2 protein chains.
Amino acid sequence: MLTKPLSDAVEALTTLNNQRVWSLLVTVFGDLAQNDGDVIEGPVLSVLMSDMGIKAEATRVALHRLRNDDWIMSVKSGRNSLHSLTASGRQESAAASPRIYGHPNDAPKHWHLLILGSTSARSRKAMAQLGFAPLMPRVYLGPSDATPPEDALVLSPTSLPHWLAEQFEPKDLAQDYAELHQALLRVQNAIDKAASITPRDTAVLRCLIVHNWRRLVLRHPELPRDLYSPGWLGHDCRSLVSSLLSKLPKPDLGQMSLE
Amino acid sequence: MLTKPLSDAVEALTTLNNQRVWSLLVTVFGDLAQNDGDVIEGPVLSVLMSDMGIKAEATRVALHRLRNDDWIMSVKSGRNSLHSLTASGRQESAAASPRIYGHPNDAPKHWHLLILGSTSARSRKAMAQLGFAPLMPRVYLGPSDATPPEDALVLSPTSLPHWLAEQFEPKDLAQDYAELHQALLRVQNAIDKAASITPRDTAVLRCLIVHNWRRLVLRHPELPRDLYSPGWLGHDCRSLVSSLLSKLPKPDLGQMSLE
């Protein structure tokens, strides 16, 4: 258990949503043990998950599921289990990392719009995978570096009317970012007040920050700030996440005290 | 009556559509007497209209209508009537002239696309007046020099998929241009074969060429050639019209023989 003031940070981040335990584990391994050869020992994983409010039984069930999904593998070493990402779990974690950990300065500055030849040319899901967000039937927005389908009419904006953000910005996501922003400010406040932060605290806070951020940022394509309304906090959240993670450098799990 | 081979040209141009007589008169005055002070004497107008296959009675009725519409005015001079454009008739004729007489080299080379904030933001008619052609609901195309509504999202194309022309090109207009193109080739052939062309022949041929061309070209915004399908003949028609009119310079109506 983290103590005051860091427990405030944990509370802010764990009350945001009903976290799925398997998804939280995906975050933990993706953040703390993404490199080839990285492992997390059973007892270390247990205390981290416990610090995040997850019961041991729930962690066991979720680990079982992730092993079945070929995301996690576990081997015995003496009395301990050593858990690690599988090759495919590592690959998918690495694929998502640029979106999650990207520095605010690396965010796309330009965007383009494209029109598909017909509504059935590509599904919304296929377009999302290419990095494009829907504006209206057949019409999508994406960062300039996203590659459009070959048969699309591609256009560069020369004006930016106020109604665009209203129509394109997902309302539920705007609300989710506003709540995350509040939580991240509480985390920042708690860290600033803390006399010291142990490697274990650091690991727990990192995972919770990344987890809540990842849930939102991976739900939509990355687009320049000026496409959004003034009240949109997605980009502010990235700035806060980036600055918080730099204050919470990845700890050495092998040296972590489990007291 | 024009004689062979020029009568072929007249036939090609008068069988294209059921010409409204008042509309043909608008062409005659717009082409032959657009300048302030230009008049057409009654007997001259009669032979020109008769050469175009219009009966005297029909011309009288149409003149009456155009006087009521404040497009034409007629004054008596001895035994003759002198007909001319009114100030507003002249103004509207002058406004349409750039689209009708524009040289092929002056056609727009670039275009942009715009998206309106809602389907009800502007009517199709209002957009057509601004020079924009509809592609799909809320989406319009126009030449780069057409000024978009202030609240529109304006974009420049960076790709040109083949489906664009299919979707945007009005099918009926494509067919009308194909027929006009055939007729203009017959006119060109007739002119090339003719031993001589009198000022009266010239006036009749000019008016028929301009009239059939005007009917089509004023029905749609002017857009660059590369937006259209390979089979589109609108731009070829402009080239032919331009070259034919240069071979048929505007005659001096005062010197015209009415024999």
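Draft legend 1. Region of the structure containing the interface of chain B and chain A. The partner chain A presents 23 residues to the 22 residues of chain B that form the contact. Both faces considered, chain B and chain A share a buried interface measuring about 1,800 Å² in area, 65% of it formed by carbon and sulfur atoms. Its largest share of buried area at the contact with chain A, chain B owes to B:Met136, B:Leu153 and B:Trp163, together 29% of the area lost on that side. In this structure, the connection of chain B to chain A is made through 0 salt bridges. In this structure, the connection of chain B to chain A is made through 13 residue pairs in polar contact (both at pLDDT 80 or more). When contributions to the side of chain B that touches chain A are tallied by element, the ones reaching two or more residues are β4 (111-115), β7 (153-157) and α7 (163-168) of chain B.

Draft legend 2. Spatial organisation of the sheet that holds strand β1 (residues 40-41) of chain A. All names here are of chain A. Taken in spatial order, the 3 strands make up an open sheet running β1-β3-β2, and their pairing is antiparallel. Of all the strands in the sheet, just β1 and β2 (72-77) have a single pairing partner and so form its edges. In this sheet, strand β3 (residues 80-85) lies alongside β1 in antiparallel orientation, the contact comprising 2 bridges. Within the sheet, the bridge partner assigned to Ile-40 lies in β3 and is His-83.

Draft legend 3. Region of the structure containing helix α5 (residues 87-101) of chain A. With 15 residues, α5(A) extends 20 Å from end C-alpha to end C-alpha; this agrees with the ideal 21 Å at 1.5 Å per step. Those residues of α5(A) that are buried are in contact with α2 (21-32), β3, α9 (199-217) and α10 (234-247) of chain A.

Draft legend 4. Spatial organisation of the pattern of salt bridges. Tallied over the entire structure, the rule returns 22 salt bridges over all chains. Residues A:Arg219 and A:Asp176 are paired through a salt bridge, measuring 3.2 Å at the closest nitrogen-oxygen approach. One end of the pair, A:Arg219, is in the loop between α9 and α10; the other, A:Asp176, is in helix α8 (residues 171-193), with 43 residues separating them in the sequence. Taking the shortest distance from any N to any O, the salt bridge between B:Arg60 and B:Glu57 comes out at 2.9 Å. Of the two residues, B:Arg60 and B:Glu57 are both situated in helix α4 (residues 56-68); the distance of 3 residues between them amounts to about one turn of the helix. By relative accessible area, B:Arg60 is classed as exposed at 51%. One salt-bridge network, held together by shared partners, links A:Arg99, A:Glu222 and A:Arg238.

Draft legend 5. Examining the packing of helix α3 (residues 42-51) of chain A against α9(A) more closely. Residues and elements named next belong to chain A. Relative to each other, α3 and α9 sit at 60 degrees, their axes nearing to 9 Å. Two packed elements cross with a definite hand, and for α3 against α9 that hand is right-handed. Counted together, Val-47, Leu-48 and Asp-51 of α3 and Arg-200, Ala-203 and Val-204 of α9 form the full contact between these two elements. Partitioned by chemical class, the residues of the contact of α3 with α9 number 4 nonpolar, no polar and 2 charged.

Draft legend 6. Quick peek at the packing of aromatic side chains. Applying the stated criterion to the full structure yields 8 aromatic pairs over all chains. Each ring, one from A:Tyr228 and one from A:Trp232, has its centre 4.3 Å from the other, and the planes form 15 degrees; the classification is stacked. For A:Tyr228, a relative accessible area of 6% puts it in the buried group. Overall, the relative accessible area of 1% leaves A:Trp232 in the buried class. Between the NZ or CZ atom of A:Arg138 and the centre of the ring of B:Trp163, over which it lies, the distance is 5.4 Å.

Draft legend 7. Quick look at the relation of the copies chain B and chain A. Its rotation angle being 180 degrees, the transformation that places chain B on chain A also includes 0.0 Å of axial translation and leaves an RMSD of 0.1 Å. Look at the turn and shift together and you get a two-fold axis relating the two. Take the interface residues of chain B: 100% of them recur as interface residues in chain A, which is what a same-surface contact looks like.

Draft legend 8. Just the nonpolar core, in detail. Counting 147 residues, the largest nonpolar core has A:Leu113, A:Ile115, B:Leu113 and B:Ile115 as its most contacted members. Setting aside anything within four residues of it in sequence, one finds B:Leu113 in contact with A:Ile115, A:Leu153, A:Leu155, B:Leu135, B:Val139, B:Tyr140, B:Leu141, B:Leu153, B:Val154 and B:Leu155.

Each value, and the rule that gives it
- Residues numbered from 1 in each chain as written.
- Chains lettered and ligands numbered in written order.
- Predicted model: local features only at pLDDT ≥ 70, side-chain atom pairs only at ≥ 80, totals over all residues.
- Heavy atoms only, no water.
- Contact = heavy atoms within 4.5 Å.
- Buried area = accessible area lost by both parts, 1.4 Å probe.
- Salt bridge = Lys/Arg side-chain N within 4 Å of Asp/Glu carboxyl O.
- Polar contact = N/O pair within 3.5 Å; in protein donor to acceptor, adjacent residues only side chain to side chain.
- Helix = DSSP H or I, 4+ residues; strand = E, 2+ residues; numbered from the N terminus.
- Pairing = 2+ DSSP bridges.
- Expected span 1.5 Å × (residues − 1).
- Buried < 20%, exposed > 50% of the residue type's maximum accessible area, 1.4 Å probe, protein only.
- Axes fitted to C-alpha atoms, helices over the stretch in contact; angles between N-to-C directions.
- Left-handed = near helix turned anticlockwise from the far one by under 90°.
- Nonpolar A, V, L, I, M, F, W, Y, C, P; charged D, E, K, R; others polar.
- Phe/Tyr/Trp six-rings, centres within 6.5 Å; stacked < 30°, edge-to-face > 60°.
- Lys NZ or Arg CZ within 6 Å of the ring centre and 35° of its normal.
- Least-squares fit on C-alpha atoms with pLDDT ≥ 70 in both.
- Core = buried A, V, L, I, M, F, W, Y, C linked by side-chain atoms within 4.5 Å.

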